[in-house]
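Spelled out from the first residue to the last, the chains are:
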Amino acid sequence: MADAAITVEEARKTYGGSGGGNGKPALDGLDLTVGRGTVHAVLGPNGAGKTTLVRILATLLRPDAGRIEVAGHDVVREAYAVRLRIGLLGQHAALDEELGGRQNLELFGRLHHLGARRARARADELLERFDLSDTGSKAVKQYSGGMRRRLDLAASLITEPEVLFLDEPTTGLDPRGRAEVWDSVRSLVGGGTTVLLTTQYLEEADQLADRISVVDAGRVIADGTADELKAATGGDRIDVVLRDAGHLGAAVALLPVPKDAVTVDTDRRLLSAPVTDRMAALTGVVRALQEAGIEAEDIALRRPTLDEVFLHLTGPDDRTKEAV
Amino acid sequence: MTTYALTDSWTMTRRELARWGRQPVAVVVNLVFPVMLLLMFGYLVGGGRGVSGEYLDFLVPGMLALTMAFGLEGTMVAVTQDLNKGVIDRFRSMPMANGAVLVGRSAADMLQSALGLAVLLGVAAALGWRTHGGPAGFLGAVGLLLLFRFAMLWIGIHLSLVAGKPELVQAVQILVWPVGFLSNAFAEPTSMPDWLGTVVQWNPLSQTATAVRDLFGSPGGEPGHVWAAVAWPLALLAIFFPLAVRRFARLSR
């Protein structure tokens, strides 16, 4: 991509060269390209290498190998130039808990060399924008989780960065806090900021990102838009819970998919199958069950879980890259 | 980058001062704690020998040196907190002079320790303690104490960066007590068993206390001991300053 905000080629990183670490690479030849002004989600389970990737991109960690550029600058050789152009929202709120919200923003503004007056003005502006004006003088340790996250986000936007990294921005937040952060991220995109966010939630990637890279064991195993990925992973799924586990076998035959695509959970009397046409599948299954005289306790359509995406993208033991 | 080194260091120092403003009680407790120790040892332990007499003159330099040693805890608590809150990550991802994080820490801790010395000296003076060493001796003693604190500061930064865990801070908070007491801060090593006396004499804290006693003209001072109170902290700094700086740079490994 000619106009890339982030380019990662063959990135490798193994922790603990001189002791510590388990010798397993955190990044194992990871490739990634993020277009300018887009939102890109890096989706993967714990330990997939998401945080390592973000820390390398944000110049906090040196890669062992690979060509890695952010906003047109090499993260190792031109770290300073990169730092001028990025914002970082880490997994844990990177704030001074003892200081007030305004004091935090002023501190980071001064360290961005805005000067005293502009740092103060910028702090007020951001407090206003993130709806924190009333609590600006309160110590951060008295903030709620959602407020803390918003202040953290404000702190990473002091200089209107070209590229913003969000490392699991909503982990540990309640649904309301999550919605607040999502709204903030959406409002950023209008401003032309490139956003790279990591997440464990397919739904979050789906909601926010233009493109998604699925990572596992330090590599990208699938890459595409949310629709492309969903199509590749069978898209939505239908879950059917029967009243009587004895009917499970008969019900499998009634689902509009090949028999081996259906997962059966006898304990929960549950059948689950991928569907392409949501409504047709739902009405078809309801009718078929009725005609067969099988009683269902619950029937629901849902998006595939991350586990199911992984099950589809990776073989049980052969985890090789699958192009979408 | 380097053009901002001074500005950024000053900003980081101001950050610490702003934190004081937010926690006035903690600041006062920090200042009062050594005073409490002085009173406790002066009245309880030294009670038999009289607070106003020779023991006070002996005790005050010891307490000053002990206060500098205990400063280690404060440094470690602050550095560990920053590391674990991820705020150091934010500093490192910003276009600021990297060393400013450590310079700000040092400046604030030294300022707090200087304040601690002033308060302790004020209380001692109120109890009747006087220096007999003249202004030059007095300033020299304060200089030696701050040099000792500076060495403790960099040991604290290094240990915190290496371990990075609040558990280590707790361990050190407990361990400073035996190290503090295995010194001549409260009693002459001559009053101890031989082996203990030897340990106590080699304690860097004892070196500083003895030199300060000498410069104050107090009992327990040994002429010509100043060099040891200069050499010990410098030796510690020669080891721990580069280690801490290297460790900080290596946070990116």
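Residues numbered from 1 in each chain as written. Chains lettered and ligands numbered in written order. Predicted model: local features only at pLDDT ≥ 70, side-chain atom pairs only at ≥ 80, totals over all residues. Heavy atoms only, no water.

Topic: the interface of chain A and chain B
Phase 1 of the analysis: Contacts between chain A and chain B engage 34 residues on the former and 26 residues on the latter.
Phase 2 of the analysis: Counting the surface lost from both chain A and chain B, the interface buries some 2,900 Å², and carbon and sulfur atoms represent 56% of this.
Phase 3 of the analysis: For A:Arg55, the salt bridge is made with B:Asp89, and the minimal N-O distance between the two is 2.7 Å.
Phase 4 of the analysis: At the surface where chain A touches chain B, the tally comes to 13 residue pairs in polar contact (both at pLDDT 80 or more).
Phase 5 of the analysis: Within the residue set of the side of chain A that touches chain B, elements represented by two or more residues are α2 (79-83), β6 (86-89), α3 (101-111) and α5 (145-155) of chain A.
Phase 6 of the analysis: It is α3(A) that provides the largest number of residues to the side of chain A that touches chain B, a total of five residues.
Phase 7 of the analysis: For the side of chain A that touches chain B, the per-class residue count stands at 16 nonpolar, eight polar and ten charged. (Contact = heavy atoms within 4.5 Å. Buried area = accessible area lost by both parts, 1.4 Å probe. Salt bridge = Lys/Arg side-chain N within 4 Å of Asp/Glu carboxyl O. Polar contact = N/O pair within 3.5 Å; in protein donor to acceptor, adjacent residues only side chain to side chain. Helix = DSSP H or I, 4+ residues; strand = E, 2+ residues; numbered from the N terminus. Nonpolar A, V, L, I, M, F, W, Y, C, P; charged D, E, K, R; others polar.)

Here's the deal with the pairing of strand β13 (residues 270-274) of chain A
All names here are of chain A.
Phase 1 of the analysis: By the criterion of burial, β13 is predominantly enclosed, with five of the five residues buried.
Phase 2 of the analysis: Burial of the side chains of β13 extends over both faces: Leu270, Ser272 and Pro274 are buried on one face and Leu271 and Ala273 on the other.
Phase 3 of the analysis: With five bridges joining them, strand β11 (residues 237-242) and β13 adopt antiparallel strand pairing. Residue pairing for β13: arginine 237 is matched across the bridge by proline 274.
Phase 4 of the analysis: The pairing of strand β12 (residues 263-265) with β13 spans three bridges and is antiparallel. Among the inter-strand pairings, threonine 263 is bridged to a residue of β13, identified as serine 272.
Phase 5 of the analysis: Counted along the chain from β12 to the antiparallel partner β13, the turn is four residues long, and its residue arginine 269 has a positive phi close to 55 degrees. (Buried < 20%, exposed > 50% of the residue type's maximum accessible area, 1.4 Å probe, protein only. Pairing = 2+ DSSP bridges.)

Overview of the pattern of salt bridges
Phase 1 of the analysis: Applying the stated criterion across every chain yields a total of 38 salt bridges over all chains.
Phase 2 of the analysis: Among the salt bridges present, the one from A:Glu162 reaches A:Arg85, with a minimum N-O distance of 3.6 Å. You can see A:Glu162 sitting in the loop between α5 and β7 (163-167) and its partner A:Arg85 sitting in the loop between α2 and β6, a full 77 residues away along the chain.
Phase 3 of the analysis: Exposure remark for A:Glu162: the relative accessible area of 33% places this residue in the partly exposed category.
Phase 4 of the analysis: Residue classification places A:Arg85 among the partly exposed residues on the basis of a relative accessible area of 24%.
Phase 5 of the analysis: Here the residues in one salt-bridge network are A:Asp96, B:Arg15, B:Glu16, B:Arg19, B:Asp82, B:Arg105, B:Asp109 and B:Arg149, joined through shared partners.

Quick look at the environment of A:Arg268
Phase 1 of the analysis: Mapped onto the elements, A:Arg268 comes out in the loop between β12 and β13.
Phase 2 of the analysis: Residue A:Arg268 is classed as exposed on the basis of its relative accessible area of 54%.

Regarding the sheet that holds β7(A)
All names here are of chain A.
Phase 1 of the analysis: Strand order in the open sheet formed by six strands is β6-β7-β8-β3-β9-β10, and the pairing between neighbours is mixed. Strand pairing shows two members of the sheet lacking a second neighbour, β6 and β10 (219-224), which therefore form its edges. With direction set aside, neighbouring strand axes in the sheet form an average angle of 15 degrees.
Phase 2 of the analysis: Direction of pairing for strand β3 (residues 39-43) relative to strand β8 (residues 194-199): parallel, over a ladder of five bridges. Bridge pairing in β8 links valine 39 to valine 195.
Phase 3 of the analysis: The strands that helix α1 (residues 50-57) touches are β3, β6, β7, β8 and β9 (211-216); relative to β8, the one it contacts most, it runs at about 150 degrees. (Axes fitted to C-alpha atoms, helices over the stretch in contact; angles between N-to-C directions.)

Here we look at the side chain of A:Asp167
All names here are of chain A.
Phase 1 of the analysis: By the element assignment, aspartate 167 lies in strand β7.
Phase 2 of the analysis: Lysine 50 is the oppositely charged side chain nearest to the buried, salt-bridge-free aspartate 167, at an N-O distance of 6.6 Å.
Phase 3 of the analysis: What aspartate 167 contacts, discounting residues up to four positions off in sequence, is Thr51, Val54, Leu89, Gly90, Gln91, Arg149 and Thr198. (Lys, Arg positive; Asp, Glu negative; His and termini not counted.)

Remarks on a positive patch on the surface
Phase 1 of the analysis: Positive charge collects at one region of the surface, where A:Arg62, B:Arg246, B:Arg247, B:Arg250 and B:Arg253 lie side by side.
Phase 2 of the analysis: Relative to the helices and strands, B:Arg246 resides in helix α10 (residues 226-249). (Patch = residues over 30% accessible without salt bridge, like charges linked within 9 Å, V, L, I, M, F, W, Y side chains within 5 Å. Areas by Shrake-Rupley, 256 points an atom, 1.4 Å probe, with all protein chains shown as cover. Charge placed at Lys NZ, Arg CZ, Asp CG, Glu CD.)

Side note on the nonpolar core
Phase 1 of the analysis: In this structure, A:Leu105, A:Phe108, A:Ile212 and B:Phe91 are the most contacted members of the largest nonpolar core, which totals 110 residues.
Phase 2 of the analysis: If we ignore the near neighbours within four places in the chain, the residues touching A:Phe108 are A:Ala94, A:Leu95, A:Ala155, A:Ile158, B:Val87, B:Arg90, B:Phe91 and B:Met94.
Phase 3 of the analysis: Of all hydrophobic cores here, the second largest spans 29 residues; its members include A:Ala11, A:Leu27, A:Leu57 and A:Ala58. (Core = buried A, V, L, I, M, F, W, Y, C linked by side-chain atoms within 4.5 Å.)

Remarks on the sheet that holds strand β2 (residues 25-35) of chain A
Within a sheet, neighbouring strands are paired by backbone hydrogen bonds and run either parallel or antiparallel to one another.
All names here are of chain A.
Phase 1 of the analysis: Read across the open sheet, the four strands follow the order β2-β1-β4-β5; overall the sheet is antiparallel. Only two strands of the sheet have a single neighbouring strand rather than two, namely β2 and β5 (73-74).
Phase 2 of the analysis: As paired strands, strand β1 (residues 4-14) and β2 are joined by eight bridges and run antiparallel to one another. Bridged to isoleucine 6 within β2 is valine 34.
Phase 3 of the analysis: Across the face of the sheet, α1 comes into contact with β1, β2 and β4 (65-70) while running at roughly 60 degrees to β2.

Brief notes about the domain arrangement of chain A
Phase 1 of the analysis: Taken as a whole, chain A is organised into domain 1 (4-231) and domain 2 (236-302).
Phase 2 of the analysis: On a C-alpha basis, the centres of domain 1 of chain A and domain 2 of chain A stand 41 Å from each other. (Domains from an automatic or database assignment.)

Description of the packing of α5(A) against helix α6 (residues 175-190) of chain A
All names here are of chain A.
Phase 1 of the analysis: Running from amino to carboxyl end, α5 crosses α6 at an angle of 20 degrees, the nearest separation of the two axes being 9 Å. Accordingly, the angle class assigned to the pair α5 and α6 is roughly parallel. Seen from above, α5 lies across α6 with right-handed handedness. Residues Gly146, Arg149, Arg150 and Leu153 of α5 form the contact with α6, whose participating residues are Gly177, Glu180, Val181 and Ser184.
Phase 2 of the analysis: Within the contact of α5 with α6, the residues separate by chemical class into two nonpolar, three polar and three charged. (Parallel < 35°, antiparallel > 145°, perpendicular 65-115°, else oblique. Left-handed = near helix turned anticlockwise from the far one by under 90°.)

Some remarks on helix α6 (residues 134-163) of chain B
Phase 1 of the analysis: For α6(B), built from 30 residues, the straight-helix expectation of 44 Å at 1.5 Å per residue is met to within 8% by its first-to-last C-alpha distance of 44 Å.
Phase 2 of the analysis: Backbone geometry just downstream of α6(B) places B:Gly164 in the positive-phi region, at approximately 65 degrees. (Expected span 1.5 Å × (residues − 1).)

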